[in-house]
Amino acid sequence: MVQASAVRMETDCNPMELSSMSGFEEDAELNGFEEADTKDMKLEAEAVVNDVLFAVNNMFVSKNLRCADDVAYINVETRERNRYCLELTEAGLRVVGYAFDQVDDHLHTPYHETVYSLLDTLSPAYREAFGNALLQRLEALKRDG
């Protein structure tokens, strides 16, 4: 009789690393499973809005432009009162219009990896508000430390 505690299986890889192995991902797709990191862009857009709403006059996910799994539109008004329509995709964020719910197909603006980078280029007042908020958080950490 073999004791269960004495039997030990050795493996060459950590089972938690299986999801990063390409063969495993292909098999999962063949079996009808979707990847766990598939993003719903509308939810992603709502998170973007919540992150920076404190540093702009107004920001919201467009209700008039179609959101899909791969694209969402965000309207933003900076503290300088400039309005933009932003497109959010896997490539990042970019300005697609200079009014709420406006998409200009002839406008070719660069993508930004983060909303912070995009707003930093559009709004000096955003940059100042973000810096002040960061300073306040650091002071709170120091005080509560």
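Model, not experiment: these values are computed from the prediction.

S.K.: Is there a simple way to think about a negative patch on the surface in this case?
M.R.: Together, Asp40, Glu44, Glu46, Asp69, Asp70 and Glu90 give the surface a local cluster of negative charge. Tracing the sequence through the fold places Asp69 in the loop between β1 (58–61) and β2 (72–77).

S.K.: Sorry, what's going on with the sheet that holds β1 here?
M.R.: Read from one edge of the open sheet, four strands run β1-β2-β3-β4, paired in antiparallel fashion. Strand pairing shows two members of the sheet lacking a second neighbour, β1 and β4 (92–97), which therefore form its edges. Pairs of neighbouring strands in the sheet enclose a mean axial angle of 25°, with direction left out of account. With five bridges connecting them, strand β3 (residues 83–89) and β4 associate as antiparallel partners. Bridge pairing in β4 links Leu86 to Val95. Its contacts with the sheet place helix α2 (residues 41–52) against β1, β2 and β3, and it is angled at close to 165° to β1. Contacts from helix α3 (residues 115–122) reach β1, β2, β3 and β4 within the one sheet, and its direction differs from that of β4 by about 40°.

S.K.: It is not clear to me how the layout of surface pockets should be interpreted in this structure. Could you clarify?
M.R.: Where empty space is left can be seen by rolling a probe of water-molecule size over the atoms. Each pocket or cavity is described by its volume, and for the largest pocket that value is around 230 Å³. As for the largest pocket, its lining consists of 16 residues, of which Glu44, Val48, Leu88, Leu93 and Glu113 are closest to the centre. Listing elements by their share of the lining of the largest pocket, those giving two or more residues are α2, β3, β4 and α3. Here the element with the most residues in the lining of the largest pocket is α2; it accounts for five residues. Its residues placed into classes, the lining of the largest pocket shows eight nonpolar, three polar and five charged.

S.K.: Would you explain the side chain of Arg94 in this entry?
M.R.: Assignment of secondary structure puts Arg94 in strand β4. Polar contacts involving the side chain of Arg94 include one to the main-chain carbonyl oxygen of Leu107, which spans 3.4 Å. With sequence-adjacent residues up to four places away left out, Arg94 is seen in contact with Cys85, Leu86, Glu87, Leu107, His108, Thr109, Pro110, Tyr111 and Leu118.

S.K.: Got a minute to help me understand the side chain of His112 in this structure?
M.R.: Position of His112 relative to the elements: it lies in the loop between β4 and α3. For His112, a relative accessible area of 13% gives the class buried. Engagement of the side chain of His112 in a polar contact is seen with the side chain of Ser117, the distance being 3.0 Å. Apart from the residues lying within four places of it in its own chain, the contact partners of His112 are Ala91, Gly92, Leu93, Ser117, Leu118 and Thr121.

About the criteria used
Residues numbered from 1 in each chain as written. Predicted model: local features only at pLDDT ≥ 70, side-chain atom pairs only at ≥ 80, totals over all residues. Heavy atoms only, no water. Patch = residues over 30% accessible without salt bridge, like charges linked within 9 Å, V, L, I, M, F, W, Y side chains within 5 Å. Areas by Shrake-Rupley, 256 points an atom, 1.4 Å probe, with all protein chains shown as cover. Salt bridge = Lys/Arg side-chain N within 4 Å of Asp/Glu carboxyl O. Lys, Arg positive; Asp, Glu negative; His and termini not counted. Charge placed at Lys NZ, Arg CZ, Asp CG, Glu CD. Helix = DSSP H or I, 4+ residues; strand = E, 2+ residues; numbered from the N terminus. Pairing = 2+ DSSP bridges. Axes fitted to C-alpha atoms, helices over the stretch in contact; angles between N-to-C directions. Contact = heavy atoms within 4.5 Å. 1 Å grid on protein atoms, 1.4 Å probe; cavity = no way out; pocket = protein on both sides within 12 Å on 5 of 7 lines; lining within 4 Å. Points joined across faces, edges and corners; volume = space filled by probe spheres on them. Nonpolar A, V, L, I, M, F, W, Y, C, P; charged D, E, K, R; others polar. Polar contact = N/O pair within 3.5 Å; in protein donor to acceptor, adjacent residues only side chain to side chain. Buried < 20%, exposed > 50% of the residue type's maximum accessible area, 1.4 Å probe, protein only.

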